[in-house]
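# Observations on the three-dimensional arrangement
The lines below spell out each chain.
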Amino acid sequence: MSATIPVDKWQYTTVVVRDYRQVVTNFARFFGIDRWEVIRVDGKYLSNSMFEGKAAQHRWISVFGHNGELGIELIQPVDGPSSYQTMLDTVGEGMHSVAASVCDPAQFETLRAELASQGVGIRQSGTFFDAVDYYLLDTRKALSNVVIEVHCPRRPDWRSAIKPDEVLHMDLKHLGPKFLPTSKMLHIGVVCEDRNRTKANLQKLFGMQRWIEFQIESGVTIEETTYYGQPCYHAYDNHVGRLGELCFELITPRSDKCVYDEFLKERGEGMHHTFPTICSKEEFTAALPELEKHGMPVIQGGRIGDMMEYYYVDTRRYLPGITTEVVIPLRPDWLSLFFPNPGDASILMGD
């Protein structure tokens, strides 16, 4: 099958939470998003509801915020069977899906048949505001538990037809200083049992042909590796692939004592971390006390030569279920040294 799922732009990453009111201010402060739209999704706004091939009655609360190129949707299930409730009941809070596809309804019918021939069905679907159909593609098996959301507009003004029940305006200065710079989502890190298999499926389903590859091993390609503050040996392999704004890092661990192996053992495959932050050593050092004050210590780190350091910040309680990656360049020309081919650099950093 040739490339099928269209990529419009990375609209948002959906995060399932138990109570949006407890965490929306955390997401606002962390990502610098001061406006959030709240929609109580039920029979008033939602029709043609389906879940796992059957008509369904379900409700949830959608809370959407964006900041330039970075969009976050928080979903709080209310009642009824849904993909969101199933996630809460099985692995808990965390990243559930990505929305990056807008598709003409006629085009989607062809796409749907092609996907079905590859074993990809529709997990959940419905119509919002009589303006747009949404589909959660059941790409869990193919894409290491990543679910893809597709929108099929019924009218040209479908976006403006979606009206929030409430708009939350956040005074970011009142919430406190921003922890780290976060301008856009550079990638989502996905822990895979077999990164090569997931890569092949992304190539097949999206036509995601731009890739870079890393083979990371303590003492070989990376130094000063730590895990929960202690020196450790770790080894893992990854692919990073990009199609427009949409970018995934696929990681398969080859050792224990790393955040990826921990994630696999606790939750299985799935979306593990966001990568929204590149900052200086000085910025990161200054931010650490405030991060730690709010229960967000560094849980893994390492250094690659004199080019860069990387750290994982344990944001799993502050941003439920999500770990955050931070990259710290150590010299101005780090990117060209790390990626002599400018095309490779653009896969990591975007175009």
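Our subject is the structure that appears above.
What you are looking at is a predicted structure, and each value in this text was computed from that prediction instead of being measured.

## Quick look at the sheet that holds strand E19 (residues 298-304)
Two pairing modes exist for strands in a sheet, parallel and antiparallel, and in both the strands are linked by backbone hydrogen bonds. A sheet is described by the order of its strands in space; here 10 strands give the open sequence E13-E16-E17-E12-E18-E21-E20-E19-E14-E15, paired in mixed fashion. Only two strands of the sheet have a single neighbouring strand rather than two, namely strand E13 (210-217) and strand E15 (230-231). Both strand E20 (residues 308-313) and strand E21 (residues 323-329) contribute to a ladder of 6 bridges, which runs antiparallel. Within E21, the position partnered with Tyr-312 by the bridge is Glu-325. Taken strand by strand, helix H8 (residues 281-293) contacts E19, E20 and E21, and its axis lies near 15° from that of E20.

## Considerations on the nonpolar core
Ranked by internal contacts, the top residues of the largest apolar core, which has 64 residues, are Phe-27, Trp-36, Ile-72, Leu-74 and Phe-248. Looking at this core element by element, the count peaks at 7 residues for helix H1 (residues 20-31). Once residues within four sequence positions are removed from consideration, Phe-248 is found in contact with Val-98, Val-146, His-187, Ile-188, Val-190, Leu-202, Met-208, His-239, Val-240 and Gly-241.

## Observations regarding the sheet that holds strand E6 (residues 70-79)
On the basis of which strands lie adjacent, the open sheet formed by 11 strands has the order E4-E3-E8-E9-E10-E7-E1-E6-E5-E2-E11 and mixed pairing. Taken across any chain shown, the strands that pair with only one partner, and hence form the sheet edges, are strand E4 (54-55) and strand E11 (166-169). Here strand E5 (residues 59-67) pairs with E6 via 9 bridges, running antiparallel. Note that in E6 the partner of Gly-65 across the bridge is Ile-72.

## Focus on unusual backbone geometry
Leaving glycine aside, a negative phi is the common case for residues, and trans is the common case for peptide bonds. Its identity as a non-glycine residue notwithstanding, Asn-145 has a phi of 75°, on the positive side. Looking at the secondary structure, you find Asn-145 in the loop between strand E9 (132-137) and strand E10 (147-153). Of note in the backbone geometry, Lys-257 takes a positive phi value of approximately 55° without being a glycine. Assignment of secondary structure puts Lys-257 in the loop between strand E17 (246-253) and helix H7 (259-267).

## Things to note about empty space enclosed by the protein
Following the criterion strictly, the structure yields 2 cavities of 30 Å³ or more and no others. Of the pockets and cavities examined, the largest cavity occupies roughly 220 Å³. Forming the boundary of the largest cavity are 18 residues, of which Phe-214, Asn-238, Glu-249, Met-308 and Glu-325 lie nearest the centre. In the lining of the largest cavity, the residues fall into 14 nonpolar, 2 polar and 2 charged.

## Section: the pairing of E17
Buried residues dominate E17, accounting for 8 of its 8 residues. Residues Leu-246, Phe-248, Leu-250 and Thr-252 line one face of E17 and the alternating positions Cys-247, Glu-249, Ile-251 and Pro-253 line the opposite face, and both faces are buried. Note: strand E12 (residues 187-191) against E17, 4 bridges, orientation parallel. In the strand pairing of E17, Gly-189 is matched with Glu-249. Looking at chain direction, strand E16 (residues 235-243) and E17 are connected through 8 bridges and run antiparallel.

## Notes on the layout of surface pockets
A volume near 800 Å³ is recorded for the largest pocket. Listing elements by their share of the lining of the largest pocket, those giving two or more residues are strand E2 (35-41), E5, E6, E9, E10 and helix H4 (158-161). Of the residues assigned to the lining of the largest pocket, the class counts are 17 nonpolar, 7 polar and 10 charged. Its boundaries defined by the atoms lining it, the second largest pocket holds a volume of some 270 Å³. Lining the second largest pocket are 16 residues, and of these Met-87, Thr-90, Val-91, Arg-140 and Asn-145 sit closest to its centre. Listed by contribution, the elements that provide at least two residues to the lining of the second largest pocket are helix H2 (83-90), strand E7 (94-102), H7 and strand E18 (270-278). Of the residues contributing to the lining of the second largest pocket, the split by class is 6 nonpolar, 6 polar and 4 charged.

## Considering the pairing of E20
On a regular strand, one side chain projects to one face of the sheet and the next to the other, so that they alternate. Burial runs high along E20: 6 of the 6 residues are buried. Neither face of E20 is left uncovered, since the one carrying Met-308, Tyr-310 and Tyr-312 and the one carrying Glu-309, Tyr-311 and Val-313 both have all their residues buried. Note: E19 against E20, 6 bridges, orientation antiparallel. By the bridge assignment for E20, Gly-301 is matched with Tyr-311. Hairpin connection, E19 to E20: the antiparallel pair is bridged by 3 residues, and Gly-305 has positive phi, about 55°.

## Some remarks on the packing of aromatic side chains
Inspection of the entire model under this criterion finds 19 aromatic pairs. Measuring from centroid to centroid gives 5.5 Å for Tyr-12 and Phe-64, while their planes differ by 65°, and the two rings are edge-to-face. On the criterion of sequence distance, the pair formed by Tyr-12 in strand E1 (residues 12-16) and Phe-64 in strand E5 is long-range, its members being 52 residues apart. Classification of Tyr-12 as buried rests on a relative accessible area of 10%. With 5.3 Å between their ring centres and 70° between their planes, Phe-30 and Phe-31 make a pair best called edge-to-face. Here Phe-30 matches Phe-31 in class, with each residue buried. Through successive ring pairs, a cluster of aromatic residues spans Phe-27, Phe-30, Phe-31, Phe-179 and Tyr-318. Its end group placed over the ring of Phe-179, Arg-29 keeps NZ or CZ at 4.0 Å from the ring centre.

Calculation notes
Residues numbered from 1 in each chain as written. Predicted model: local features only at pLDDT ≥ 70, side-chain atom pairs only at ≥ 80, totals over all residues. Heavy atoms only, no water. Pairing = 2+ DSSP bridges. Helix = DSSP H or I, 4+ residues; strand = E, 2+ residues; numbered from the N terminus. Contact = heavy atoms within 4.5 Å. Axes fitted to C-alpha atoms, helices over the stretch in contact; angles between N-to-C directions. Core = buried A, V, L, I, M, F, W, Y, C linked by side-chain atoms within 4.5 Å. Buried < 20%, exposed > 50% of the residue type's maximum accessible area, 1.4 Å probe, protein only. 1 Å grid on protein atoms, 1.4 Å probe; cavity = no way out; pocket = protein on both sides within 12 Å on 5 of 7 lines; lining within 4 Å. Points joined across faces, edges and corners; volume = space filled by probe spheres on them. Nonpolar A, V, L, I, M, F, W, Y, C, P; charged D, E, K, R; others polar. Phe/Tyr/Trp six-rings, centres within 6.5 Å; stacked < 30°, edge-to-face > 60°. Lys NZ or Arg CZ within 6 Å of the ring centre and 35° of its normal.

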